Amino acid sequence: MAEPGMEPEPERGPEPVTAEAVLRELRLFELRCEGEEVPDKLVELCLSHGLGPVALANELLAFVTSKDLDLQLTPEGLDAFEHEVLAKRGSRGRRGRDERRGLLHDIHSLQELLDEGQEDELLDAYSTPSKGSQKRGNSTPETPRPKRAPPSRSPYGLFSPGSFSPSVTPSQKYSSRGGRGEVVASFGSVQGPAWSGRGGCAVSLFGCPEQSLSKPYKSMFQKALDVREVLAERVEELGEVLRRHHGLDSFSSAVLPAQEPVTVLGQIGCDGNGKLNAKSVLLVGDREHSGGGQVPLDLSELPEYSLFPGQVVALEGTNSTGRRMVVTKLYEGVPLPFHTPTEPMAEQRMVLVACGPFTPSDSVAFEPLSDLLEVVARDRPDVCVLFGPFLDAKHEQVESCQLLSPFSDVLQLCLRTIIEGTRSAGSQLVLVPSLRDVSHDFVYPQPPFPFPFPDLPKEDRARVLLVPEPCTLDIDGVVFGLTSTDLLFHMGAEEISSSSGVSDRFTRILRHILTQRSFYPLYPPSEELNVDFEALAAFAALPVTPDVLVTPSELRFFVKDVLGCVCINPGRLTKGQAGGTYGRLLLRRERPGARTGDRTGDRTGDRTGDNPEENPRDNPGDIPGDAPRSSPCVAAQVLRI
């Protein structure tokens, strides 16, 4: 306390860390430096470990004295000092902070956490610790936690103002890939210059604007009753289609005992939380006839079947006890009719489809995207459909938050590069989001990207179409079904089947999508998906059977003709660190109402997985007594990037 009449001495702030200040403190203990780089190294130690000149001098004196070392400081000695003393000191500080995590915090302890720059510890202070659990570290002593990337790795350095120009180290494995431009899957037989665009193509969402998701919506608040109502209405709607198509009189209760064969309606489910198998299948009966009751199914009498959770089916069988139904017949679903355009297609069209990620997993360089834009500039497709993720939430550097720019800024930069990179080709650009896009709404169905470029030229704005996920597209009268969700992988993990002949799982799953009339008929959905079921019923139902269905997947690429619909999995543009694939399609439509049986017959050998004894009534494009419908997709290919 200061005496009366005397001014109190002002508090001295922490001494700035300079080479002179550090050397002055060392001279007090007769510690000397050997070499010009030692003073700079001492300053670096102070800044790296949060020490002042006095504290560093004390630590150095204790280290030299305990090790009985010379008072002459060398670079090698400082490295040993940092490894043996300062590193352990830092771990003790972290341990002390870890002990404070479980304590109650007041304003002073919270400020201490902020002053130490420990935002993660501050967030953990508001979480509820679980007994016996410990947060798993992101690194091991052998592989230390990566530091934040230097400013040169900022995504803003990836592009030049006018064109794509990677300025970071590209992936070595991607750069050394082979087979560039190789055709790995094909459909039809078109060669040479036909694979090029003509321009002047009309692209729009199919159907009424009210049927398409156009803006974000409130989600994450679903009542179980509302979900049940959506599922019940879907069962009733598809049940009526099955009843009329197969000429069934009426449905019976699935839970009441019946000695005679009865026909029941319901939804396939599993009797537990595990994977569906032949012994765990049950039928959740419809609301009108079975009151939503459940009954286990015995499939031993069925020679062939293909089932998945959520599938709406009509079954025939006996349920003598009311506790188990022995199924003897399975009525398959019915696809919707195709769209019949009224205007003729002026000339053939080429459509290019590609799915992200657009960067290898070990690099932030968008080199695959650059290669794809070169393909677009060379082939000049009429329409270019690109599926997300454009900035993948599963990318290593996104997961570890090593990007120095906000995710939304990186996404806008990527989209702008795509728009400007396709300007010379004049292609119509369709951008489909993905639930793996880190900066977009994580809900299915997913609204389209907002248009963030008011400064774009009018010509660019006219040729860019931002669509929701999923969606149905109209390209000069040819209907495309588009979805970036890996439905093949999700349904393939849950579907069970029994067949006496050769069975193709991809074809079975694609038939289910078309006959269940939904882009995502699986229930319960995959844990990777956040589904809003009311929006699912409104915006993810198929309005018609599409002429072309594009379903990118992690599974192997393919092109198939299923029930008259050309289904293509173009794969992903990158597969980890390696290059992937993309697809292209050639469209040519005959006069409205014209049917050409010859071309369809010529392509029969390309229909992988089709059943040659297929019932004509199951093909919505067939008309009794007329030739088969001719698909407007005359050729398709999957190529390596």
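### What to know about the overall build of the protein
- In terms of regular secondary structure, the protein is built from 17 helices and 24 strands.
- Residue burial in the protein is summarised as follows: out of 641 residues, 47% are buried.
- In the protein, the proportion of contacts linking residues at least 24 apart, taken out of those at least 6 apart, comes to 75%.
- Approximately 32,600 Å² of the protein is accessible, and the part contributed by carbon and sulfur atoms is 51%.

### Some thoughts on the sheet that holds strand S10 (residues 325-331)
- Reading around the barrel, the five strands line up as S5-S6-S7-S10-S9 and close back on themselves, with mixed pairing between neighbours. Averaged over all pairs of adjacent strands, the angle between their axes in this sheet comes to 55°, without regard to strand direction.
- Sheet topology places strand S5 (residues 258-270) next to strand S6 (residues 281-285); five bridges connect them, and they run antiparallel. Considered in S6, the bridge of Gly266 is made with Gly285.
- Strands S5, S6, strand S9 (312-319) and S10 of the sheet are contacted by helix H8 (residues 224-246), whose axis makes an angle of about 135° with S5.

### A word on a negative patch on the surface
- On the surface, Glu34, Glu36, Glu37, Asp40, Glu44, Asp70 and Glu76 cluster together into a negatively charged patch.
- Ranked by the residues each element gives to the negative patch, the list is headed by helix H2 (residues 37-49), at three residues.
- For Glu37, the position within the fold is in helix H2.
- With relative accessibility at 45%, the residue Glu37 sits in the partly exposed group.

### Quick notes on helix H1 (residues 19-28)
- Of the residues making up H1, those classed as buried are Ala21, Val22, Glu25 and Leu26. Looking straight down H1, one finds its buried side chains confined to an arc of 135°; they lie on one side. Pointing more than 90 degrees away from the buried face of H1 are the exposed residues Glu20 and Arg27.
- Just beyond H1, the residue with positive phi is Glu30, at close to 60°.

### A word on helix H12 (residues 407-421)
- Taking 1.5 Å per residue, 15 residues should reach 21 Å; H12 reaches 21 Å between its end C-alpha atoms and fits that length.
- Those residues of H12 that sit buried are Val410, Leu411, Cys414, Leu415, Thr417, Ile418 and Ile419.
- If you follow the buried residues of H12, they end up packed against helix H10 (367-379), strand S12 (383-387), strand S13 (428-432), helix H13 (458-463) and strand S14 (464-466).

### Here we look at the packing of aromatic side chains
- On inspection of all chains with the given rule, the structure shows seven aromatic pairs.
- Plain terms: the ring middles of Phe390 and Phe449 are 5.7 Å apart, the flat faces sit at 65° to each other, and that makes the pair edge-to-face. Here the residue Phe390 occupies a position in the loop between S12 and helix H11 (396-399), and Phe449 occupies one in the loop between S13 and H13, the gap between them amounting to 59 residues.
- Taking relative accessible area as the criterion, Phe390 reaches 2% and is therefore assigned buried.
- Joined through ring pairs, the aromatic side chains of Phe358, Phe390 and Phe449 make up one cluster.
- The ring of Tyr174 is capped by Arg177, whose NZ or CZ atom sits 4.0 Å from the centre of that ring.
- A cation over an aromatic ring shows up here: Lys560 above the ring of Phe558, its NZ or CZ 5.7 Å from the ring centre.

### A few points about the sheet that holds strand S23 (residues 581-587)
- Taking strand neighbours across the sheet as the criterion, the seven strands line up as S3-S24-S23-S11-S12-S13-S14 in an open arrangement whose pairing is mixed. Of all strands in the sheet, those bounded by a partner on one side alone are strand S3 (183-187) and S14. Sheet twist, expressed as the average angle between the axes of neighbouring strands with direction ignored, equals 15°.
- Pairing of S3 with strand S24 (residues 633-640), which is carried by four bridges, proceeds in the antiparallel orientation. In the strand pairing of S24, Ala185 is matched with Val638.
- Contacts from H10 reach strand S11 (349-355), S12 and S23, with the element oriented near 180° to S11.
- On the sheet, H12 packs against S12, S13 and S14 and is oriented at approximately 160° with respect to S13.

### Notes on the nonpolar core
- One finds Val351, Val385, Val430, Ile475, Phe480, Leu482 and Leu585 to be the most contacted residues of the largest nonpolar core, which totals 31 residues.
- Discounting chain neighbours no more than four positions away, the residues touching Phe480 are Val351, Cys471, Thr472, Leu473, Ile475, Pro546, Val548, Val550, Leu585 and Leu587.

### Concerning the side chain of His440
- Structurally, His440 is set in the loop between S13 and H13.
- For His440, the side chain forms a polar contact with the main-chain oxygen of Pro447, separated by 2.7 Å.
- Excluding its chain neighbours within four sequence positions, the residues that come into contact with His440 are Pro433, Gln446, Pro447, Pro448, Phe449 and Pro450.

### Quick word on the side chain of Thr422
- Mapped onto the elements of the fold, Thr422 is located in the loop between H12 and S13.
- A distance of 3.0 Å separates a polar side-chain atom of Thr422 from the backbone oxygen of Ile418.
- Once residues lying within four places of it in the same chain are set aside, the contact partners of Thr422 are Leu373, Val376, Ser427, Leu429 and Arg463.

### Topic: unusual backbone geometry
- Going from Gly356 to Pro357, the amide bond is cis rather than trans, its omega being 10°.
- Among the secondary structure elements, Pro357 is positioned in the loop between S11 and H10.
- With a phi angle near 50°, Arg380 is a residue other than glycine that sits in the positive phi range.
- Its location among the elements puts Arg380 in the loop between H10 and S12.
- For Arg380, a relative accessible area of 41% puts it in the partly exposed group.
- Phi is positive for Leu563, close to 55°, though the residue is something other than glycine.
- Following the sequence through the fold, Leu563 ends up in the loop between strand S19 (558-562) and strand S20 (565-569).

### Regarding the pairing of strand S7 (residues 294-298)
- Along S7, the buried face is formed by Val295 and Leu297; none of Gln294, Pro296 and Asp298, which line the opposite face, is buried.
- Direction of pairing for S6 relative to S7: antiparallel, over a ladder of three bridges. Its bridge partner being in S7, Val284 is matched across the sheet by Gln294.
- Sheet analysis places S7 next to S10, joined by two bridges and oriented parallel. Along S10, the bridge assignment pairs Leu297 with Met325.

### Quick notes on the packing of H1 against helix H3 (residues 53-67)
- Where H1 meets H3, the axes come as close as 9 Å, and the angle between the chain directions of the two elements is 40°. As the angle between them shows, H1 and H3 are arranged oblique. Between H1 and H3 the crossing geometry is right-handed. Of the residues in H3, those touching H1 at Ala21, Val22, Glu25 and Leu26 are Pro53, Val54, Leu56, Ala57 and Leu60.
- Its residues placed into classes, the contact of H1 with H3 shows eight nonpolar, no polar and one charged.

Reading the values: the criteria
Residues numbered from 1 in each chain as written. Predicted model: local features only at pLDDT ≥ 70, side-chain atom pairs only at ≥ 80, totals over all residues. Heavy atoms only, no water. Helix = DSSP H or I, 4+ residues; strand = E, 2+ residues; numbered from the N terminus. Buried < 20%, exposed > 50% of the residue type's maximum accessible area, 1.4 Å probe, protein only. Contact = heavy atoms within 4.5 Å. Areas by Shrake-Rupley, 256 points an atom, 1.4 Å probe, with all protein chains shown as cover. Pairing = 2+ DSSP bridges. Axes fitted to C-alpha atoms, helices over the stretch in contact; angles between N-to-C directions. Patch = residues over 30% accessible without salt bridge, like charges linked within 9 Å, V, L, I, M, F, W, Y side chains within 5 Å. Salt bridge = Lys/Arg side-chain N within 4 Å of Asp/Glu carboxyl O. Lys, Arg positive; Asp, Glu negative; His and termini not counted. Charge placed at Lys NZ, Arg CZ, Asp CG, Glu CD. Arc of directions from axis to C-beta. Expected span 1.5 Å × (residues − 1). Phe/Tyr/Trp six-rings, centres within 6.5 Å; stacked < 30°, edge-to-face > 60°. Lys NZ or Arg CZ within 6 Å of the ring centre and 35° of its normal. Core = buried A, V, L, I, M, F, W, Y, C linked by side-chain atoms within 4.5 Å. Polar contact = N/O pair within 3.5 Å; in protein donor to acceptor, adjacent residues only side chain to side chain. Parallel < 35°, antiparallel > 145°, perpendicular 65-115°, else oblique. Left-handed = near helix turned anticlockwise from the far one by under 90°. Nonpolar A, V, L, I, M, F, W, Y, C, P; charged D, E, K, R; others polar.

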